[in-house]
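Understanding the architecture of this molecule
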Amino acid sequence: MRLRPIQIATLFRIPIRVSYGWIPVVVLHVYAVSVFYLPRHLHGFHPLAYWALGGITTLLLFLSVLGHEVGHALVARAEGLRISDITLHLFGGLARFEHEAHTPGAEFRIAVAGPSASFLYAVAFFLLNQVSIHLFDSRPAALITNYLALSNLILALFNLLPGFPLDGGRIFRAWLWARWGDYWRASRWAIGVGQGIAYLLIGLGIVWVLRARTSADIFAGAWSILIGIFLRDVTETSRLSLARVEQMRRIRVADVMTAPPALLPPEMTIEEVVSRVLPAHRSRTFPVSRDRRLHGILLVPSLHALPRERWAQTTVREVMWPVSPAMFVHPETSLWDAHRVLRGNGLGASAVLDAEGYIVGYLTLEDLRPEAPPS
Ligand SMILES: [Zn+2]
């Protein structure tokens with residue numbers, strides 16, 4: 001079972017969620033800063049003071065990570081994308097959108113917004129650091145701001161590595177996409193580089209651990225290995241779904257469409273549908289047509305709203321979804337494009353019309369399930 005992330009806040013109308021994996025990282029970070037980092041550089045404070053400072057540092061660090069994602073999200077919104085949510089997880093954060101950017105330019109601007117925000121925070125914490133040192137002569141404040149300036153700088157630089165799904169990988173993909181005009185080929189390359197970076201991080205981590213002199217080395221090495229494994233998993237998932245999409249783009253609707261379950265005449269009553277059509281055909285939807293011309297689609301679950309005593313007087317025409325462009329595809333349409341139509345039209349089904357507009361087949365989301373996932 002996968003635990004769903006919990007929503008903790010809403011920012012700029014964006015739900016902010018945290019995954020359960022994020023909680024041990026927060027605890028570990030507070031611990032590492034309070035017990036190791038601060039006492040090493042700051043002497044003579046009460047133990048509780050270290051914990052309080054560790055807590056503040058951790059809070060500011062995660063606000064920095066959140067700020068990075070908010071950077072992506074706000075630019076994405078300006079580019080016309082709808083934002084699903086921002087999730088903080090074990091390895092950082094993720095802003096999710098309901099669809100991908102439509103142009104290389106938009107993808108570039110959205111991708112570059114996160115590292116730019118992190119650079120900005122790094123500069124802000126550096127300035128605060130200078131103020132803490134020269135104006136207030138506060139060693140704790142200087143230490144914390146120094147730590148946060150460095151962390152944000154690392155966050156920006158790490159995310160600029162040119163492998164998908166990192167921001168740098170998205171920038172790289174946008175660049176290839178603009179050059180080649182081929183989103184899919186650009187994606188393949190960016191994912192490939194992402195896989196290379198994942199293995200590099202794993203290898204680097206192993207060397208780091210093997211040659212470790214301090215516990216901090218072991219920790220850094222193990223962290224590098226973990227991030228490498230995480231990136232490898234993400235790139236592998238991206239690679240598989242890309243392969244699936246490419247497979248769907250090669251197959252045409254004509255290759256998978258079926259015969260319509262039954263063509264219902266518009267003047268048929270619901271009484272007849274329930275007594276004669278439904279027992280014979282197991283389908284959620286039925287095309288409504290006369291002379292093989294599409295008039296609409298009947299969604300069976302929507303009949304529940306109709307009281308039984310009205311079944312005899314109500315015709316299919318009155319309760320069907322009247323025909324619209326999202327209700328049909330052509331035999332030559334790719335499965336990928338058809339999939340988007342079917343997922344977006346609220347019916348999960350569409351008629352297949354030939355060039356003259358006659359119904360030649362029918363397609364449901366069930367027909368589009370791949371037989372076997374590509375491997
Ligand atoms: Zn980012």
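Since the structure is predicted, the reported quantities are computational estimates derived from the model, not experimental observations. (Residues numbered from 1 in each chain as written. Predicted model: local features only at pLDDT ≥ 70, side-chain atom pairs only at ≥ 80, totals over all residues. Heavy atoms only, no water.)

**Some thoughts on the pairing of strand S9 (residues 349–353)**
It is a general feature of regular strands that their side chains alternate between the two faces of the sheet. Counting buried positions along S9 gives five out of five residues, so the element sits mostly inside the fold. The pairing of strand S8 (residues 328–329) with S9 spans two bridges and is parallel. Among the inter-strand pairings, Phe328 is bridged to a residue of S9, identified as Ala351. As judged from the five bridges shared by S9 and strand S10 (residues 359–364), these two strands associate in the antiparallel manner. Considered in S10, the bridge of Ser350 is made with Leu363. (Buried < 20%, exposed > 50% of the residue type's maximum accessible area, 1.4 Å probe, protein only. Helix = DSSP H or I, 4+ residues; strand = E, 2+ residues; numbered from the N terminus. Pairing = 2+ DSSP bridges.)

**So, the coordination of the zinc ion**
Four donors placed tetrahedrally about a metal ideally form angles of 109.5 degrees, and six donors placed octahedrally ideally form angles of 90 or 180 degrees. The protein atoms donating to the zinc ion are His68 (NE2), His72 (NE2), Asp167 (OD) and Asp167 (OD), with metal-donor distances spanning 2.0 to 2.6 Å. For the zinc ion, the four donor atoms in the first shell make angles of 55 to 148 degrees at the metal, so the coordination geometry reads as irregular. Spacing between the donor residues of the zinc ion along their common chain follows H-x3-H-x94-D. One end of the pair, His68, and the other, His72, are both in helix H2 (residues 47–78), four residues apart, so they sit about a helical turn from each other. Both residues of the pair, His68 and His72, belong to the buried class. (Donors = N, O, S within 2.8 Å, 3.2 Å for Na, K, Ca; no water. Tetrahedral: all angles 85-135°; square planar, octahedral: opposite > 155°, others 65-115°.)

**Quick word on the packing of aromatic side chains**
All told, the structure shown has 10 aromatic pairs when counted by the stated rule. Taken together, a centroid distance of 5.0 Å and an interplanar angle of 85 degrees make the contact between Tyr183 and Trp184 edge-to-face. On the accessibility criterion, Tyr183 (17% relative accessible area) is buried. The rings of Trp177, Tyr183, Trp184 and Trp336 are connected pair by pair, giving a single aromatic cluster. We note Arg185 situated over the ring of Trp180; from NZ or CZ to the ring centre the distance is 3.8 Å. (Phe/Tyr/Trp six-rings, centres within 6.5 Å; stacked < 30°, edge-to-face > 60°. Lys NZ or Arg CZ within 6 Å of the ring centre and 35° of its normal.)

**Quick look at helix H7 (residues 215–250)**
Under the 1.5 Å per step criterion, the end-to-end length of H7 is 52 Å for 36 residues, consistent within 8% with the ideal 52 Å. Listed as buried for H7 are Gly221, Ser224, Ile227, Gly228, Leu231, Thr235, Ser238, Leu242, Val245, Glu246 and Met248. Tucked into the core, H7 has its buried residues touching helix H4 (139–159), helix H6 (183–210) and helix H11 (335–344). (Expected span 1.5 Å × (residues − 1). Contact = heavy atoms within 4.5 Å.)

**Some thoughts on the environment of Ser334**
Its place among the elements puts Ser334 in the loop between S8 and H11. Residues Ser334 and Met248, 86 residues apart in the sequence, show an inter-C-alpha distance of 6.8 Å. In this view, Ser334 contacts Met248, Arg249, Ile251, Arg252 and Val253; residues no more than four positions away in its chain are not counted. Side-chain polar atoms of Ser334 contact the backbone nitrogen of Asp337, separated by 3.2 Å. (Polar contact = N/O pair within 3.5 Å; in protein donor to acceptor, adjacent residues only side chain to side chain.)

**Brief notes about the domain arrangement of the protein chain**
Splitting the protein chain by domain gives domain 1 (6–250) and domain 2 (254–368). Domain 1 and domain 2 are separated by 47 Å when their C-alpha centres are compared. Taken together, the contacts link five residues of domain 1 with five residues of domain 2. For the domain 1 and domain 2 pair, buried surface summed over both sides reaches about 460 Å², with 72% attributable to carbon and sulfur atoms. By the criterion of area lost to domain 2, the three top residues of domain 1 are Val245, Met248 and Arg249, representing 79% of everything that side buries. Our enumeration of links across domain 1 and domain 2 arrives at zero salt bridges. Looking at the side of domain 1 that touches domain 2 element by element, the count peaks at four residues for H7. (Domains from an automatic or database assignment. Buried area = accessible area lost by both parts, 1.4 Å probe. Salt bridge = Lys/Arg side-chain N within 4 Å of Asp/Glu carboxyl O.)

**A few points about unusual backbone geometry**
Note the cis peptide between Phe164 and Pro165, where omega equals 5 degrees. Take Pro165: it is sitting in the loop between H4 and helix H5 (167–180). Here the phi dihedral of Phe12 falls at roughly 50 degrees; this positive angle occurs in a residue that is not glycine. Examined against the element boundaries, Phe12 turns out to sit in the loop between strand S1 (6–11) and strand S2 (14–18). The exposure class of Phe12 is partly exposed, given its relative accessible area of 47%.

**Re the sheet that holds S8**
Pairing is mixed across the open sheet formed by three strands, whose spatial order is S8-S9-S10. In this open sheet, the two strands that pair with only one neighbour each are S8 and S10. Relative to the sheet, H11 contacts S8, S9 and S10, its axis offset from that of S10 by approximately 70 degrees. (Axes fitted to C-alpha atoms, helices over the stretch in contact; angles between N-to-C directions.)

**Quick look at a nonpolar patch on the surface**
A surface patch of nonpolar side chains, about 500 Å² in accessible area, is lined by Phe119, Leu150, Leu153, Ile154, Leu157 and Leu160. Here the nonpolar patch takes four residues from H4, the largest share from any one element. Within the secondary structure, Leu153 sits in helix H4. Leu153 gets classed as partly exposed once you look at its relative accessible area, which sits at 33%. (Patch = residues over 30% accessible without salt bridge, like charges linked within 9 Å, V, L, I, M, F, W, Y side chains within 5 Å. Areas by Shrake-Rupley, 256 points an atom, 1.4 Å probe, with all protein chains shown as cover.)

**A short note on the environment of Pro279**
The residue Pro279 is located in the loop between helix H9 (270–277) and strand S5 (285–290) in this model. Leave out the neighbours within four places in its chain, and Pro279 touches Val273 and Val274.

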